[in-house]
Amino acid sequence: MPNQGNTVDVKQGSRTDGHAGRTDADEQVAPRTSIDRRNFLKGSAAGIGAAVVGFSGFASATDSASNSGQGCTAMPPDSTGGAEIGDISLKEVTGEVGLLEPLKGMMGHATAWGDVTGNGWLDLFVGTFTGRPRENYLVRGSDGIAPDRLLLGGPDGFTVAENFPEMYGRTSGAAFVDLDNDGDLDLVLSRNDSKSSAPNDKFNEFDNQTIVLENDDGEFSRVATLDNGGVVDHELYGRTVVPFDYDDDGLIDLFVIDDHYGDDRSSLLFRNEGGFEFSDATEDAGLPRGVTGLGAAAADFTGNGWPDLLVSGSVRTDDDPSGYMEAQSARLFLNSGGSFREVDASTFTLPSHHPVDESGGIAVADLNRNGRLDVVLGEHKHVALGEGIPAARVYLHRGLDADGVPIFEDVTEAAGIPDVTTRVPHVELVDLNNNGWPDLHTSLSRGDGTMPAVFQHTGVDENGVPQFATPSGLGEERTEPPTQSQWETVVGIDRYWAVGASEDYDRDGRLDPFLVEWFQELPSRMFHNESDAGNHLFVDVAPQAEAIGARVELFCPGRLGEEGGRIATQSVTANTGYASGVSTELHFGLGQAPAVDVQVTLPHDNGTVQRRGVRANQHLTINALESTEYQ
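Residues numbered from 1 in each chain as written. Predicted model: local features only at pLDDT ≥ 70, side-chain atom pairs only at ≥ 80, totals over all residues. Heavy atoms only, no water.

*Asks:* Would you mind showing me how to read the sheet that holds strand β40 (residues 586-591) here?
*Replies:* Whenever strands of a sheet pair, they do so through backbone hydrogen bonds, lying parallel or antiparallel. With respect to topology, 3 strands assemble into an open sheet ordered β40-β35-β43, the strand pairing being mixed. Only two strands of the sheet have a single neighbouring strand rather than two, namely β40 and β43 (619-623). On average, each strand axis in the sheet is tilted by 25° relative to the strand beside it, whichever way the strands run. Pairing analysis gives 5 bridges linking strand β35 (residues 535-542) to β43, with the strands arranged parallel. Bridging across to β43, Val541 finds its partner in Ile622. (Pairing = 2+ DSSP bridges. Helix = DSSP H or I, 4+ residues; strand = E, 2+ residues; numbered from the N terminus. Axes fitted to C-alpha atoms, helices over the stretch in contact; angles between N-to-C directions.)

Shown next as structure tokens:
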């Protein structure tokens, strides 16, 4: 955006115009370039001035289990980033930002963030299940069943996109992603194609297919159908959508999770053939049929430059639903050159006593600053629990074994995660107070059921295990909800939200959580982040086809590439947690650090780009075409 002459207060992390983060540094980068397969325009990144280096990969499991950034004077590993950084503080602003009325008449089950108009403000998609009796939706002043909604963001909040297609299905997952490399974010919607439980005048089977909507300068139109007569003949019971380029052809492919609540279910990998044409590449890519689940993440867990697939769900070891049994709750597929192989994932287990017990969403980030991507799994246990389960499960990446397979360790208890007596399907790893540590934001409610439970990351112990502080308002500290809902009168468990995602909707440098409500009598909720936060940095790798799967690492100034100087590591993704989509622009909290060094390792071993001395509190764009691979 044009330079408006605004100033940046680095110490406090705020801007005088109220739009923190956008600075004149944005004008120093080349515009986003459309790409066609691997035919990148050479020299298009001239003027950015970045060095290019190689990537040494991951340490083996015999190396130190934890390197937490010792010696990084800008942000000690055993601190929260400085006394001036406060605890996380959230305020609900759903009505104030224009989201209360448009989301009435919904049973929400999908959301995604993305700037669909290119104006610098993030827009919000919310998907709904419409297949219930019409009278179920006539609550809170609703006049009937609402369709899926696209809400356009701006300085005054959100407005309904009136030209968005009107669709009434069972939308269960969503992601914004540029599928044709034209610079516009297209939209992928997964649908749960079980039939309507009660016919009404809105729900229809055509709207209940898993589809792709093309974005043509802000106008969306349906251009591809993936299931039920499209790419495949059968219907999908779709959940999470994972966009990533699995085969390095310069086009973003789609992995769609199929749940196991039906016969002969199987998640599918759709190869992007260009021109919004897709093919079923599941078996050709080495993925087995019959993989089911709820969440999935694509990230490089081995350091070979290729995005692997972690799928949450259930792999039963005992078909008897009575009594307790061990159920593997994730499957791991390692990618080498576009071909996957399944490896042992038995570390990911959970005690189970019901056929629908399984893990939920997946969040990936470096929790202890050793450069490895750790994992958090949500819980999607049966509602009639009878005893507590962890609010989430935390797994540390401890390196690779002799065969190059990642070793994960369950550190849930040591990390301080408490037991709860409800589902927590959605999880995110996001730094909400910008202290340099990724907090665990969940879809679990606390208090009177109207606020989310956030487990604040306070540092690591001597074994490199992250320490999460339990928020107030859980267990016996819960209070009576302000109004009764089906959570209390029908289900009989503590409230939770199905899906959600955190983004900086007002551009003040702090991430704001949005959580989608399942029951029609309660609102989905937007929370404004009012934490006394530290400094921040947004990093946007472009074009998007080269961004997804990239590793972005931050180091203390002058210590680029040093193990002891690392501040943070994230993997670029377009989806997060359970069935939710996010912007591929990464947010980092910097604590009190006024500047950092940045290293971006592109996927598919396509080179590494470095930037030194990047000042805090701005949006930094890295053009992937700077890599020596494209010179």
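*Asks:* Help me understand empty space enclosed by the protein, please; the structure alone is not making it clear to me.
*Replies:* Picture a little ball the size of a water molecule; that probe, rolled over the atoms, points out where space is still empty. This model, assessed by the stated rule, comprises 5 cavities of 30 Å³ or more. Roughly 550 Å³ of volume is contained in the largest cavity. Val364, Leu429, Val430, Gln570 and Leu586 are the residues nearest the centre of the largest cavity, which is lined by 37 residues in total. Where the lining of the largest cavity is concerned, the elements lending two or more residues are β17 (296-299), β22 (358-365), β28 (427-430), β32 (499-503), β37 (566-571), β38 (575-576) and β40. (1 Å grid on protein atoms, 1.4 Å probe; cavity = no way out; pocket = protein on both sides within 12 Å on 5 of 7 lines; lining within 4 Å. Points joined across faces, edges and corners; volume = space filled by probe spheres on them.)

*Asks:* I tried to follow a negative patch on the surface on my own but got confused; where do I start?
*Replies:* On the surface, a cluster of negative charge is contributed by Asp182, Asp216, Asp217 and Glu219. Relative to the helices and strands, Asp182 is located in the loop between β9 (171-177) and β10 (186-191). Asp182 sits in the partly exposed class, given a relative accessible area of 31%. (Patch = residues over 30% accessible without salt bridge, like charges linked within 9 Å, V, L, I, M, F, W, Y side chains within 5 Å. Areas by Shrake-Rupley, 256 points an atom, 1.4 Å probe, with all protein chains shown as cover. Salt bridge = Lys/Arg side-chain N within 4 Å of Asp/Glu carboxyl O. Lys, Arg positive; Asp, Glu negative; His and termini not counted. Charge placed at Lys NZ, Arg CZ, Asp CG, Glu CD. Buried < 20%, exposed > 50% of the residue type's maximum accessible area, 1.4 Å probe, protein only.)

*Asks:* Looking at this model, I keep getting lost on the pairing of strand β6 (residues 123-128). Mind explaining?
*Replies:* Side-chain direction in a regular strand flips from residue to residue, so the side chains alternate between the two faces of the sheet. Among the 6 residues that make up β6, 6 are buried, leaving the element largely enclosed by the rest of the structure. The side-chain alternation of β6 yields two buried faces, one formed by Asp123, Phe125 and Gly127 and the other by Leu124, Val126 and Thr128. Pairing between strand β5 (residues 108-114) and β6: 6 bridges, direction antiparallel. Its bridge partner being in β6, Thr111 is matched across the sheet by Val126. Pairing geometry for β6 and strand β7 (residues 149-154), over 3 bridges, is antiparallel.

*Asks:* Which parts of the structure should I look at to understand the confidence of the model for the chain?
*Replies:* Note that predicted coordinates carrying low pLDDT should not be read in detail. Looking at the chain as a whole, the pLDDT averages 84, with 81% of positions reaching at least 70. Every residue in residues 1-83 scores below 50 in pLDDT, and together they form 221 contacts with partners more than four places removed in sequence or on other chains. (pLDDT = per-residue confidence, 0-100. Contact = heavy atoms within 4.5 Å.)

*Asks:* Even after reading the chapter, I still don't get the packing of aromatic side chains, so can you show me in this structure?
*Replies:* Pairs of aromatic rings are described using the distance from one ring centre to the other and the angle between the two planes. Within this structure, the stated rule accounts for 13 aromatic pairs. Here the aromatic rings of Trp487 and Tyr496 are separated by 4.6 Å at their centres, their planes lie at 55°, and the arrangement is tilted. Residue Trp487 shares its accessibility class with Tyr496, and that shared class is buried. Among the aromatic side chains, those forming a connected cluster through ring pairs are Phe125, Phe164, Phe176 and Phe220. Arg265 extends its terminal NZ or CZ atom over the ring of Tyr237, reaching a point 4.0 Å from the ring centre. Lying across the ring of Trp121, Arg507 places its NZ or CZ 3.8 Å from the centre. (Phe/Tyr/Trp six-rings, centres within 6.5 Å; stacked < 30°, edge-to-face > 60°. Lys NZ or Arg CZ within 6 Å of the ring centre and 35° of its normal.)

*Asks:* Explain the sheet that holds strand β4 (residues 90-92) here, please?
*Replies:* A sheet is described by the order of its strands in space; here 4 strands give the open sequence β4-β34-β33-β32, paired in antiparallel fashion. Pairing within the sheet leaves two strands with one partner each, and these edge strands are β4 and β32. Adjacent strand axes in the sheet meet at a mean angle of 20° when their direction is disregarded. Strand direction decides the pairing type here: β4 and strand β34 (residues 525-529), joined by 3 bridges, are antiparallel. Looking across to β34, one finds that Lys91 is bridged to His528.

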